[in-house]
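Working through the structure, step by step
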Amino acid sequence: MTVTTTQTAIDRARLRDLYDDYTGLLDGDDLEAWLDLFIEDCDYRVLARENDRANLPLATMRADSRAMLSDRVAAIRSTQFFADRVMRHFTSGIRIVSHDGDAVHVTASFCVIESLADEPSRIHMAGEHCDRVVDDGTALRFATKRAVYDAPLVLTSLIFPV
Amino acid sequence: MTVTTTQTAIDRARLRDLYDDYTGLLDGDDLEAWLDLFIEDCDYRVLARENDRANLPLATMRADSRAMLSDRVAAIRSTQFFADRVMRHFTSGIRIVSHDGDAVHVTASFCVIESLADEPSRIHMAGEHCDRVVDDGTALRFATKRAVYDAPLVLTSLIFPV
Amino acid sequence: MTVTTTQTAIDRARLRDLYDDYTGLLDGDDLEAWLDLFIEDCDYRVLARENDRANLPLATMRADSRAMLSDRVAAIRSTQFFADRVMRHFTSGIRIVSHDGDAVHVTASFCVIESLADEPSRIHMAGEHCDRVVDDGTALRFATKRAVYDAPLVLTSLIFPV
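Here we summarise the structure given alongside this text. Throughout this description, residue numbers start from 1 for each chain and increase along the sequence as written. The lettering of chains begins at A and the numbering of ligands begins at 1, in the order of writing. Per-residue local features are limited, in this predicted model, to residues with pLDDT of at least 70; the limit for side-chain atom pairs, both in listing and counting, is 80 or more; totals at the level of whole chains, interfaces and linings are taken over all residues. Neither water nor hydrogens contribute to the side-chain values; these are computed over all heavy atoms in the structure.

Computed from the structure, the second largest pocket encloses a volume of approximately 490 Å³. Residues are said to line a cavity or pocket when one of their atoms sits within 4 Å of a point; the points come from a 1 Å grid over protein atoms alone, cavities being sets where a 1.4 Å probe fits but cannot get out and pockets being open sets with protein on both sides within 12 Å along at least five of seven lines. Lining the second largest pocket are 23 residues, with Asp-29, Arg-85, Val-86 and Phe-160 of chain B together with Arg-53 of chain C sitting closest to its centre. Within the residue set of the lining of the second largest pocket, elements represented by two or more residues are α1 (12-27), α4 (66-78) and β3 (85-100) of chain B together with α3 (49-53) of chain C. Throughout this entry, Asp, Glu, Lys and Arg are counted as charged residues, while Ala, Val, Leu, Ile, Met, Phe, Trp, Tyr, Cys and Pro are counted as nonpolar. The remaining residues, Gly among them, count as polar. Residue composition of the lining of the second largest pocket, grouped by class: ten nonpolar, four polar and nine charged. Grid points are joined across faces, edges and corners, and a volume is the space filled by probe spheres set on the points. In DSSP terms, a helix is any run of H or I states spanning at least four residues, a strand is any run of E spanning at least two, and both are numbered starting from the N terminus.

Once that is clear, we can look at the interface of chain B and chain A. Listed per partner, the contact involves 21 residues of chain B and 26 residues of chain A. Note on definitions: salt bridges are taken to be side-chain nitrogens of Lys or Arg within 4 Å of carboxyl oxygens of Asp or Glu. Run the count over chain B and chain A and you get six salt bridges. Measuring nitrogen to oxygen at the nearest pair gives 3.0 Å for the salt bridge that ties Arg-16 of chain B to Asp-20 of chain A. Side-chain atoms alone can form a polar contact between residues adjacent in sequence; in general such a contact is a pair of N or O atoms within 3.5 Å, and within protein one must be able to donate a hydrogen while the other accepts it. Scanning the region where chain B abuts chain A turns up 13 residue pairs in polar contact (both at pLDDT 80 or more). Taken together, the elements giving at least two residues each to the side of chain B that touches chain A come down to α1, α3 (49-53), β3, β4 (103-116) and β5 (122-135) of chain B. In terms of residue count, β3 of chain B provides more of the side of chain B that touches chain A than any other element does, six residues in total. Tallied by class, residues from the side of chain B that touches chain A come to nine nonpolar, five polar and seven charged. Any two residues whose heavy atoms approach within 4.5 Å at even a single point are treated as in contact.

Time to look at empty space enclosed by the protein. Overall, the coordinates contain nine cavities of 30 Å³ or more when judged by the stated rule. If you add up the space inside the largest cavity, you get close to 380 Å³. Forming the boundary of the largest cavity are 22 residues, of which Thr-91 of chain A, Arg-16 and Thr-91 of chain B together with Arg-16 and Thr-91 of chain C lie nearest the centre. For the lining of the largest cavity, the elements supplying multiple residues, two or more each, are α1 (12-27) and β3 (85-100) of chain A, α1 and β3 of chain B together with α1 (12-27) and β3 (85-100) of chain C. Across the lining of the largest cavity, the residue classes tally to six nonpolar, ten polar and six charged. For the second largest cavity, the calculated volume is near 140 Å³. Along the wall of the second largest cavity there are 18 residues; nearest its centre are Phe-90 of chain A, Phe-90 and Cys-111 of chain B together with Phe-90 and Cys-111 of chain C. Elements that contribute at least two residues to the lining of the second largest cavity include exactly β3 and β4 (103-116) of chain A, β3 and β4 of chain B together with β3 and β4 (103-116) of chain C. When the residues that make up the lining of the second largest cavity are grouped by side-chain class, the tally is twelve nonpolar, six polar and no charged.

This paragraph deals with the sheet that holds β4 of chain C. With mixed pairing, the six strands of this open sheet are ordered in space as β2-β1-β6-β5-β4-β3 (chain C). In this open sheet, the two edge strands, each paired with only one partner strand, are β2 (61-63) and β3 of chain C. Looking at each pair of strands side by side, their axes are set apart by 20 degrees on average, direction ignored. Inspection of the sheet shows β4 of chain C paired to strand β5 (residues 122-135) of chain C by eleven bridges, in the antiparallel sense. Each residue of the ladder has a partner; that of Cys-111 of chain C, found in β5 of chain C, is Ala-126 of chain C. Lines are fitted to the C-alpha atoms to define the axes, a helix being fitted only along its stretch in contact, and any angle between axes, read from their N-to-C directions, falls within 0 to 180 degrees. Running over the sheet, α1 of chain B touches β3 and β4 of chain C and is turned about 90 degrees from β3 of chain C. With respect to the sheet, helix α4 (residues 66-78) of chain C is in contact with β1 (38-48) and β2 of chain C, its orientation differing from that of β1 of chain C by roughly 60 degrees. Strands pair, by our definition, only if DSSP identifies at least two bridges between them.

Time to look at unusual backbone geometry. Within the chain, Asn-55 of chain A stands out as a residue other than glycine whose phi angle is a positive 55 degrees. Mapped onto the elements, Asn-55 of chain A comes out in the loop between α3 (49-53) and β2 (61-63). One non-glycine residue, Asp-29 of chain B, adopts positive backbone phi at about 60 degrees. Here Asp-29 of chain B shows up in the loop between α1 and α2 (31-35).

Contacts between the two partners involve 26 residues from chain C, matched on the other side by 21 residues from chain A. Note: buried area is the sum, over both parts, of the accessible area (probe 1.4 Å) each one loses when the two are combined. Of all residues in chain C, the largest losses of buried area upon contact with chain A belong to Asp-20, Arg-88 and Phe-90 of chain C, amounting jointly to 32% of the total for that side. Applying the counting rule to chain C against chain A returns six salt bridges. Mapped onto the side of chain C that touches chain A, the elements with two or more residues apiece are α1, β3, β4 and β5 of chain C. For the side of chain C that touches chain A, the leading source of residues is α1 of chain C, giving nine residues. Looking at the side of chain C that touches chain A residue by residue, the class counts come to ten nonpolar, six polar and ten charged.

Quick look at the relation of the copies chain C and chain A now. When the copies are superposed, the least-squares fit takes in the C-alpha atoms of residues with a pLDDT of at least 70 in both. When chain C is fitted to chain A, the best match, at an RMSD of 0.0 Å, comes from turning it 120 degrees and sliding it 0.0 Å along the axis. Put plainly, the chains are arranged around a three-fold axis. Taken as a fraction of all interface residues of chain C, those also at the interface in chain A reach only 19%, which identifies the copy contact as different-surface.

Rendered as structure tokens:
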């Protein structure tokens, strides 16, 4: 039995699993396992659409390696927050836009819904993930992640990763 | 050709189908078919995050069997609602968190958007499904479903299942 | 090796890819590639739930062919919009409700989140896709798409396809 396939090593079903893990680990507050979805040498940024369009380097949140992301997680763990805040992430339209050697460039729309103890749930932000995903032999991981949000934010509220 | 697989009988693609059916049947108002996604001896609860955290038994909606869920559906069918209300359910981050014999424990974030005739659509609730899913030989079904919502609710508005 | 399957040629994994492409191309503003997801002889409508229920022919947006949809895209491209508006589409509960020869009827819930430059992101609309999907030998494409929104809209804001 001969099998020929035009499928790349990184197919859409595996990408869905990756983004579901990403969302599930963030929303389940398992940030330590979430870190493991990035390569060591990753580039992670959360930035405003207007800065992204203007090619301005200013990012609202930035980590140039998994070690820096890990520091961010440690900071969250050691901080007492006044408000009991829960974030839920939703992803849609996951799509491979180009291939780059064995890696793929992926875009996906996202929305974050925020709930505080005494208010109705509301939209925290909406935007687009622009990512580079690699297969390091063990699993799919993010080499680059740019989470570009569409509307201006109250910056003080960006405590958690997107 | 020898195929070895580490995949369990309940894989992520089948889980996606199950949650899409769950959402689709609820949103399509096919509650009778929706009932069929539960085992007879199911445990279904909708509860607030603060009660879940405090291990309080108080649930906003509760059914200890599919027969009780079926009664709830019959009650909805026989009631005239003043407002023409449409609910849309969104699910994200579906993930197997542990195995329990042949069953799996699954978490997923959800969001419900509510539309009334004379108002803009708005977020009704956001939260997390914490479920136990079994394969009864015919299909995947929910043995346990706990829909834990993040923000306090106007309880009178919880008419429909989550 | 004999394979028997009850799966149709249009399975759910391929449908997910189609809807992810649909959403991703709309949100990535690649409307020209988005057009390619429709057959030439397609029927596309965006309409209010109350009109759909009453079987009223009035549609908020309508195209009786891909050529007409293409005209709509050309109009968007040639128009200067005052507001910098970004739309994000989310889909959930994709389900095959019936078969129609080799085609399938599919329903899915959707939500559109709108972001303007100076305001928080908000829900633009929620509703249901009621579609007929065919495999034309090359790819899955929409033969019919009815996007039925749940709440009344400010009609002037329906510039972009749903």
